[in-house]
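Analysis of the macromolecular model
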Amino acid sequence: MSEEALRIDIWLWRARFFKTRAIATDYAAKGRIRIGTGDLVRRIEKPASQVRPGDVLTFRLRSRIVSLKIESLGERRGPAAEARELYTLTGEEDDRHV
């Protein structure tokens, strides 16, 4: 099954950024994720917001600021090696020293 878009909370869970989908849903609902690049950046405030391959996401994860490009939507929450194929890191900063 090939999808063109997927809910942000499901994608974050499949990519293993969050242990449960409920945690990913809460995180997205708090508006802590930005999508886009340059002048076209917007805040995601709804867990049902759609993401697509090629989208760039930026968000804080623990003590890091993560920026990544979505490469694939995935079809399931698989092992870590499979999850790493869903995205490419474009930037990552340790904000403890920022």
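Our structure's up above, just so we're on the same page.
All values derive from a computational prediction rather than experimental measurement.

**Describing the packing of aromatic side chains**
Each aromatic ring pair is characterised by the separation of its centres together with the angle its planes make. Counted under the stated rule, the structure contains six aromatic pairs. Measuring from ring centre to ring centre gives 5.4 Å for F17 and F59, while their planes differ by 90°; the resulting arrangement is edge-to-face. Here F59 lies in strand β5 (residues 56-61) and F17 lies in the loop between α1 (8-14) and α2 (21-29), a separation of 42 residues in the sequence. Residue F17 shares its accessibility class with F59, and that shared class is buried.

**Considering α2**
Looking only at α2, the buried set comprises A24, Y27 and A28. All buried residues of α2 lie within an arc of 95° about the axis, which places them on one face of the element. Of the residues flanking the end of α2, it is G31, one or two places downstream, whose phi is positive at about 75°.

**Some details on the side chain of S49**
Relative to the elements of secondary structure, S49 occurs in the loop between β3 (42-44) and β4 (50-51). With sequence-adjacent residues up to four places away left out, S49 is seen in contact with L6, R7, I8 and I44.

**Looking at the nonpolar core**
Core analysis: the largest hydrophobic core is formed by 24 residues, its most contacted members being W11, L12, F17, I33, L57, F59 and L68. Within the residue set of this core, elements represented by two or more residues are α1, α2, β2 (33-35), β5 and β6 (64-70). When residues in this core are grouped by element, the largest group, four residues, is from α1. When sequence neighbours within four positions are dropped, the list of residues in contact with F17 reads W11, L12, F59, L61, V66, L68 and Y87.

**As for the environment of L89**
Here L89 lies in strand β7 (residues 87-94). By relative accessible area, L89 is classed as partly exposed at 44%. Put simply, L89 and V56 are 33 residues apart on the chain and 9.4 Å apart in space, counted from C-alpha to C-alpha.

**So, the pairing of β6**
Looking along a regular strand, one sees side chains alternate from face to face of the sheet. As paired strands, β5 and β6 are joined by six bridges and run antiparallel to one another. The residue bridging V56 from the neighbouring strand is K69, located in β6. What sits between the antiparallel neighbours β5 and β6 is a turn of two residues, in which R62 has the positive phi angle 55°.

Basis of the calculations
Residues numbered from 1 in each chain as written. Predicted model: local features only at pLDDT ≥ 70, side-chain atom pairs only at ≥ 80, totals over all residues. Heavy atoms only, no water. Phe/Tyr/Trp six-rings, centres within 6.5 Å; stacked < 30°, edge-to-face > 60°. Helix = DSSP H or I, 4+ residues; strand = E, 2+ residues; numbered from the N terminus. Buried < 20%, exposed > 50% of the residue type's maximum accessible area, 1.4 Å probe, protein only. Arc of directions from axis to C-beta. Contact = heavy atoms within 4.5 Å. Core = buried A, V, L, I, M, F, W, Y, C linked by side-chain atoms within 4.5 Å. Pairing = 2+ DSSP bridges.

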